[in-house]
2 protein chains.
Amino acid sequence: MNLEQGKKQFNGILEKIRAYRHSSSLMYWDASTGAPKKAVNNRAKIQGILAGEVFKLIVSDEMKECLEILEKERDRLDDITNAMVVKMRKEYNKFTKIPSEEFRQYAELLGKSHTVWEEAKNKSDFSIFEPVLEKIIGTLRKFVEYRGYTGHPYNTFLDDYEPGMTTERLDEFFAALKERIVPLLKRIQNSDKIIKTDFLDESYPTKIQEEFSHYILDKICFDKDAGMLKESEHPFTINFTRNDVRITTHYYENKLTSAIYSTIHEGGHALYEQNIGEDIAETILGRGTSMGIHESQSRMFENIFGRNMNFWKHFYPKLVEKFPEQLSNISLNEFYEAINKPENSLIRIESDELTYSLHIMVRYEIEKMLIEGKVAVKDLPELWNRKIEEYLGITPPNDKMGVLQDVHWSDGLFGYFPSYALGNAYASQFENTMSKTLDIDELLKAGQFNEILVWLRENIHKHGCLKKPNEILKDVTGEELNPTYFIEYLENKFEKLYNL
Amino acid sequence: MNLEQGKKQFNGILEKIRAYRHSSSLMYWDASTGAPKKAVNNRAKIQGILAGEVFKLIVSDEMKECLEILEKERDRLDDITNAMVVKMRKEYNKFTKIPSEEFRQYAELLGKSHTVWEEAKNKSDFSIFEPVLEKIIGTLRKFVEYRGYTGHPYNTFLDDYEPGMTTERLDEFFAALKERIVPLLKRIQNSDKIIKTDFLDESYPTKIQEEFSHYILDKICFDKDAGMLKESEHPFTINFTRNDVRITTHYYENKLTSAIYSTIHEGGHALYEQNIGEDIAETILGRGTSMGIHESQSRMFENIFGRNMNFWKHFYPKLVEKFPEQLSNISLNEFYEAINKPENSLIRIESDELTYSLHIMVRYEIEKMLIEGKVAVKDLPELWNRKIEEYLGITPPNDKMGVLQDVHWSDGLFGYFPSYALGNAYASQFENTMSKTLDIDELLKAGQFNEILVWLRENIHKHGCLKKPNEILKDVTGEELNPTYFIEYLENKFEKLYNL
């Protein structure tokens, strides 16, 4: 097989992988947004078959042969093919170590686990989810032995979502956050300042909330011809290509900001995917490069922009117009303070940006222990509650508000949570660089997101997987990961809010 | 390879085929019910890849090998495996007898022909479509020589949709319809009776129409945990397994009955699929056995039940309750007459149950002539108009309302139309047998569909593809295809309606 034949065969395999993954993703979307209940078993079976075919293609002799031919002639390859070879080599190496039948069984397990988790959460009964989670953890612990690891076994999972990340670095990272955020939080807790938030929990008809979510998406330049917003139990983003990026939110009648921030958050993810370069759109490189960089985009929109006074100078009048009964007596400043008040919430996705990292720390520590086998699955509710109490000073009243709140584990997503905390740090670093050429405050005040989007597209979005996370960070900001920007951002913001 | 290995390999191939078809169907569903506009190109690409993989699996050496091994030991196979072997042998033969290059060229032709037909229809100019249709017919005439046939070459196409059906039988069938329905229609056309229908075109808020559609589906025992109703441009049914059967309807504010009858029609299809036997549910046999039997279920619900006075004795008060302003001055009898008034429409999909089969007869006669080479494609518009005039007493003013109205020929669907007419005849035969053990009128009057559904499930639905259409017909009714029941049903109904 010569180089041209190798490229053709390689592309043929990747197109099939893309087709099967696309199919499986659509089934996930469908399941989360309204598929009939009884469809669950057959869907799991089909998803198992598709995952099995993807697996076979990745570990196939044909793939191996293609990779070898293309790697030998790396200098003659264009950048896109080169990046695809690097990406597939990593996947090939990752999966050739796992026996295919075990992988198939795992995929089938994950096909069913989501619904089990949902039931467990609805009934607030961890024991429903326990046996499934036990199987997931057991499988992952076996897999990491097959796959191998450097340092801590958890590093292998971290690397899946944030290439190059290690527990050593993360331990340091969280230590730095803890060192300055915990004291800041204490100072706030000791402050006499009272911030009213009760007006956010009045009755806000969900139909109007939905209109406002669509309004915000339009303003931040979400392309509705290349995506859609729906409702699901747990908000998420799913992307097929830059031309089909779907997000969900969840409307609660008595929690005005829940849907707003889910929409803005997922909207930030969606903008990343919708602005991938056209040259790589319909290839395996046509998606965000890592979970951490992805999260930097969602959190920049959710927090740095979405909880900014200037953002609300533009959007608050519109919100009052939608809910005059509930908000016309609330000033912009009262609203701003309310949406930024640290609540020590029990729920990660509803927690404030100050305590958010503490929620992640709990999950990070527990995941590390699970992968090491240092805690039994049945003991998770107790361990969870203990840690939440230790970091946030509150105790979950039930599993629904505690260990069952997140969907991730039911999807086998271990090593994923730290990306959220990294995203916050990256976002602050990016924003710091952006502010050198754009007057962000003025743009937010005017509700103008075009220039911001162009900046993000050119610096981050368009590259897709053509650049590694750390490469983007260095090319854009001139620095590696540095939590200082994020910490200082929080200190400035909350010291001002509480007159500390 | 021994028998057990052969069975395992065979099932493995079938599971993959099922997975890819499932995926492609979900994309179709998604596209029809709201996927973003810009997703179209990538979706077409993915569906092309999936269809290609299905094709490769069907004609593969592995398939051939499995079929040979299993066929040799037919006596040792269970009924389900046996039926799967017969089904796949048919598909294998169908696709392998045609030289692959010719098949590829034909697929390419069909890829373009739809657009040409669309343009021709929009411009109401048959000459635009003529050369493409000529090529399609030419190809199909060649293919039927490759594939072989018994009796008339058209039999091979009939067999694709209605296994075992022949022109000999259909000729008789349509002759019988022509002999009695055409005169009946003439008598109606000469009748003085005036039936008012204008109240059906008043403003009926679509939201309430939707509620009523759901109400009907609930009453006829559509299982919402195993399916759903949504809206799309053209109503359709799509089935994954008995546990996931989805239907659509379309609400027009000024056409009350359009959505009602689309919902009942698709509901009839859906009940068939939801009541397939559990033993074959997740196999390639787990679906309706033929287009004709399928259509018998949808038309039984749409026409025999759904346009029945007793049905509306139950449902009409509910409908009036939903639309008091529009209907409280309309009596049940006025409503019944309006929904049954023959319209002599030029358009098949808008025609009534009396004239529908005549529309099909025109297509059947023309298709047979085309396959025999007894009519030149260029002469079709004239032939079409002559036949429509003869059977329906009206003349199409242009090709758009005439020979160009249906999409089927541009998609190569020859032999498909007769299923629609067969469905009507089967439905009447089934209903006649059912009426010997069930008091259908009383059940309809009470809005009780449970017993009816049990009857249909036990006699028809549960068998899926385990029984051939004619086998079902004979087992249930004791007879082969017999149009008398359908004809008498029409005569009784319309003679009474028009006091003839």
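Residues numbered from 1 in each chain as written. Chains lettered and ligands numbered in written order. Predicted model: local features only at pLDDT ≥ 70, side-chain atom pairs only at ≥ 80, totals over all residues. Heavy atoms only, no water.

Caption draft 1: Geometry of the overall build of chain A. Tallying secondary structure elements over chain A gives 21 helices and 3 strands in all. Against the globule reference of 23 Å for 500 residues, chain A gives a C-alpha radius of gyration of 23 Å, in line with a compact fold. For chain A, buried positions account for 59% of its 500 residues. Partitioning the intrachain contacts of chain A with sequence separation of at least 6 by distance along the chain shows that 74% fall at a separation of at least 24. Just so you have it, chain A exposes about 19,600 Å², and 46% of that area is on carbon and sulfur atoms. In chain A, 65 side chains carry a positive charge and 81 a negative one; their mean positions are 3 Å apart. (Helix = DSSP H or I, 4+ residues; strand = E, 2+ residues; numbered from the N terminus. Rg over C-alpha atoms; globule rule 2.2 N^0.38 Å. Buried < 20%, exposed > 50% of the residue type's maximum accessible area, 1.4 Å probe, protein only. Contact = heavy atoms within 4.5 Å. Areas by Shrake-Rupley, 256 points an atom, 1.4 Å probe, with all protein chains shown as cover. Lys, Arg positive; Asp, Glu negative; His and termini not counted. Charge placed at Lys NZ, Arg CZ, Asp CG, Glu CD.)

Caption draft 2: Inspection of the sheet that holds strand 2 (residues 237–241) of chain A at higher detail. Residue and element names in this part refer to chain A. In space, the 3 strands of this open sheet follow the order 1-3-2, with mixed pairing throughout. Only two strands of the sheet have a single neighbouring strand rather than two, namely strand 1 (227–231) and strand 2. Averaged over all pairs of adjacent strands, the angle between their axes in this sheet comes to 15 degrees, without regard to strand direction. As judged from the 5 bridges shared by strand 1 and strand 3 (residues 244–249), these two strands associate in the parallel manner. Looking across to strand 3, one finds that Met228 is bridged to Arg246. (Pairing = 2+ DSSP bridges. Axes fitted to C-alpha atoms, helices over the stretch in contact; angles between N-to-C directions.)

Caption draft 3: Summary view of the pattern of salt bridges. A complete count under the given rule lists 87 salt bridges over all chains for this structure. Ionic pairing is found between A:Asp78 and A:Lys7, a salt bridge with its closest N-O pair at 3.8 Å. Taken as a pair, A:Asp78 in the loop between helix 3 (61–72) and helix 4 (79–96) and A:Lys7 in helix 1 (residues 3–32) lie far apart in primary sequence, 71 residues in all. Given the relative accessible area of 35%, A:Asp78 is considered partly exposed. Put simply, A:Glu442 and A:Lys445 hold a salt bridge, and the shortest N to O gap is 3.1 Å. Residue A:Glu442 and its partner A:Lys445 are both found in helix 18 (residues 440–445); the two are separated by 3 residues, about one turn of the helix. Judged by its relative accessible area of 42%, A:Glu442 falls in the partly exposed class. The network of salt bridges with common partners includes A:Glu15, A:Arg18, A:Glu282 and B:Lys45. (Salt bridge = Lys/Arg side-chain N within 4 Å of Asp/Glu carboxyl O.)

Caption draft 4: Seen up close, the confidence of the model for chain A. Confidence along chain A averages 95 in pLDDT terms, with 100% of residues attaining 70 or more. Two summary scores accompany this predicted model of the complex, namely pTM at 0.91 and ipTM at 0.92. (pLDDT = per-residue confidence, 0-100.)

Caption draft 5: Structural view of the packing of helix 11 (residues 291–305) of chain A against helix 17 (residues 418–434) of chain A. Residue and element names in this part refer to chain A. Two numbers describe how helix 11 lies on helix 17: the axes approach to 7 Å, and their chain directions differ by 65 degrees. In terms of orientation, helix 11 lies roughly perpendicular with respect to helix 17. You can see that helix 11 and helix 17 cross each other, and the crossing is right-handed. Contacts between helix 11 and helix 17 pair Met291, Gly292, Ile293, Glu295, Ser296, Gln297, Arg299, Met300, Asn303, Ile304 and Phe305 from the former with Ser419, Tyr420, Gly423, Asn424, Tyr426, Ala427, Ser428, Phe430, Glu431 and Met434 from the latter. (Parallel < 35°, antiparallel > 145°, perpendicular 65-115°, else oblique. Left-handed = near helix turned anticlockwise from the far one by under 90°.)

Caption draft 6: The packing of aromatic side chains, seen in detail. Counted under the stated rule, the structure contains 61 aromatic pairs over all chains. Ring centres of A:Phe486 and A:Tyr489 lie 6.5 Å apart, and the angle between their planes is 25 degrees; this geometry places the pair in the stacked category. Here A:Phe486 pairs with A:Tyr489, and both are found in helix 21 (residues 484–497), just 3 residues apart, close to one helical turn. Here A:Phe486 falls in the buried class, since its relative accessible area comes to 1%. An angle of 85 degrees between the planes, with centres 6.2 Å apart, marks the rings of B:Trp384 and B:Trp409 as edge-to-face. (Phe/Tyr/Trp six-rings, centres within 6.5 Å; stacked < 30°, edge-to-face > 60°.)

Caption draft 7: Local environment of helix 9 (residues 206–219) of chain B. Residue and element names in this part refer to chain B. Taking 1.5 Å per residue as the helical rise, helix 9 with its 14 residues ought to reach 20 Å, and the 20 Å between its terminal C-alpha atoms agrees with that figure. Turning to helix 9, its buried residues are Gln209, Phe212, Ser213, Ile216 and Leu217. For helix 9, the angular spread of the buried residues around the axis is 140 degrees, confining them to a single face. Cys221 sits one or two residues past helix 9 and shows a positive phi near 75 degrees. (Expected span 1.5 Å × (residues − 1). Arc of directions from axis to C-beta.)

Caption draft 8: Seen up close, the nonpolar core. Counting 321 residues, the largest nonpolar core has A:Phe305, A:Trp312, B:Phe305, B:Trp312 and B:Leu380 as its most contacted members. The residues contacting B:Leu380, other than those within four sequence positions of it, are B:Phe126, B:Leu133, B:Ile366, B:Leu370, B:Val375, B:Val403 and B:Trp409. (Core = buried A, V, L, I, M, F, W, Y, C linked by side-chain atoms within 4.5 Å.)

Caption draft 9: Summary view of helix 10 (residues 256–274) of chain A. Between its terminal C-alpha atoms helix 10 of chain A stretches 27 Å, which fits the 27 Å expected from 19 residues at 1.5 Å a residue. Burial analysis of helix 10 of chain A places 18 of its 19 residues in the buried class, the great majority of the element.

Caption draft 10: Representation of the state of the cysteines in the model. Enumeration according to the criterion identifies 0 disulfides over all chains in this entry. Free of any disulfide, A:Cys66 has its nearest neighbouring cysteine sulfur in A:Cys465, separated by 20 Å. (Disulfide = S-S within 2.5 Å.)

Caption draft 11: Representation of a negative patch on the surface within the structure. A surface patch of like charges, here negative, comprises A:Asp198, A:Asp201, A:Glu202, A:Glu325 and A:Glu343. Looking at where A:Glu343 falls in the secondary structure, it is placed in the loop between helix 14 (332–340) and helix 15 (356–372). (Patch = residues over 30% accessible without salt bridge, like charges linked within 9 Å, V, L, I, M, F, W, Y side chains within 5 Å.)

Caption draft 12: Fine view of the sheet that holds strand 1 (residues 227–231) of chain B. Residue and element names in this part refer to chain B. Strand order in the open sheet formed by 3 strands is 1-3-2, with mixed pairing between adjacent strands. The open sheet is flanked by strand 1 and strand 2 (237–241), the only strands paired with a single partner. Each neighbouring strand pair of the sheet contributes to a mean axis angle of 15 degrees, computed without reference to strand direction. The pairing of strand 2 with strand 3 (residues 244–249) spans 4 bridges and is classified as antiparallel.

Caption draft 13: Structural view of the domain arrangement of chain A. Residues and elements named next belong to chain A. Domains assigned within chain A are domain 1 (3–125) and domain 2 (167–497). Relative to domain 2, the C-alpha centre of domain 1 lies at a distance of 28 Å. Carbon and sulfur atoms supply 68% of the area buried between domain 1 and domain 2, which totals about 2,600 Å² over both sides. Linking domain 1 with domain 2 are 1 salt bridge. Close ionic contact of Glu233 with Lys121 constitutes a salt bridge, the shortest N to O distance being 3.8 Å. Viewed at the interface, domain 2 and domain 1 are joined by 7 residue pairs in polar contact (both at pLDDT 80 or more). (Domains from an automatic or database assignment. Buried area = accessible area lost by both parts, 1.4 Å probe. Polar contact = N/O pair within 3.5 Å; in protein donor to acceptor, adjacent residues only side chain to side chain.)

Caption draft 14: Spatial organisation of the pairing of strand 3 of chain A. Residues and elements named next belong to chain A. Taking burial as the measure, the 6 residues of strand 3 include 6 buried ones, the bulk of the element. Residues Asp244, Arg246 and Thr248 of strand 3 are buried on one face, and the alternating residues Val245, Ile247 and Thr249, pointing to the opposite face, are buried as well. Where strand 2 hands over to strand 3, the hairpin turn is made up of 2 residues, counted between the paired strands.

Caption draft 15: Summary view of the environment of A:Glu65. With respect to the helices and strands, the residue A:Glu65 is situated in helix 3. Through-space distance from the C-alpha of A:Glu65 to that of A:Asn243 is 32 Å; in sequence the pair is 178 residues apart.

Caption draft 16: Highlighting the side chain of B:Arg89. All names here are of chain B. As for its placement among the helices and strands, Arg89 is situated in helix 4 (residues 79–96). A polar contact of 2.7 Å, which involves the side chain of Arg89, links it to the side chain of Glu71. Those residues in contact with Arg89 that sit more than four places away from it in its chain are Leu67, Glu68 and Glu71.

Caption draft 17: Layout of the interface of chain B and chain A. Between chain B and chain A, the contact holds 36 residues from the first and 37 residues from the second. Taken over both partners, the interface formed by chain B and chain A buries close to 3,100 Å², and the fraction arising from carbon and sulfur atoms is 55%. Our enumeration of links across chain B and chain A arrives at 11 salt bridges. Of the charged contacts, one joins B:Asp223 and A:Lys38 as a salt bridge, the two residues approaching to 2.4 Å between their closest N and O atoms. Here chain B and chain A share 13 residue pairs in polar contact (both at pLDDT 80 or more) between them. For the side of chain B that touches chain A, the secondary structure elements donating two or more residues are helix 1 (3–32), helix 2 (40–58), strand 1 and strand 3 of chain B. It is helix 1 of chain B that contributes the most residues to the side of chain B that touches chain A, 11 residues altogether. Residue classes in the side of chain B that touches chain A are distributed as 13 nonpolar, 7 polar and 16 charged. (Nonpolar A, V, L, I, M, F, W, Y, C, P; charged D, E, K, R; others polar.)

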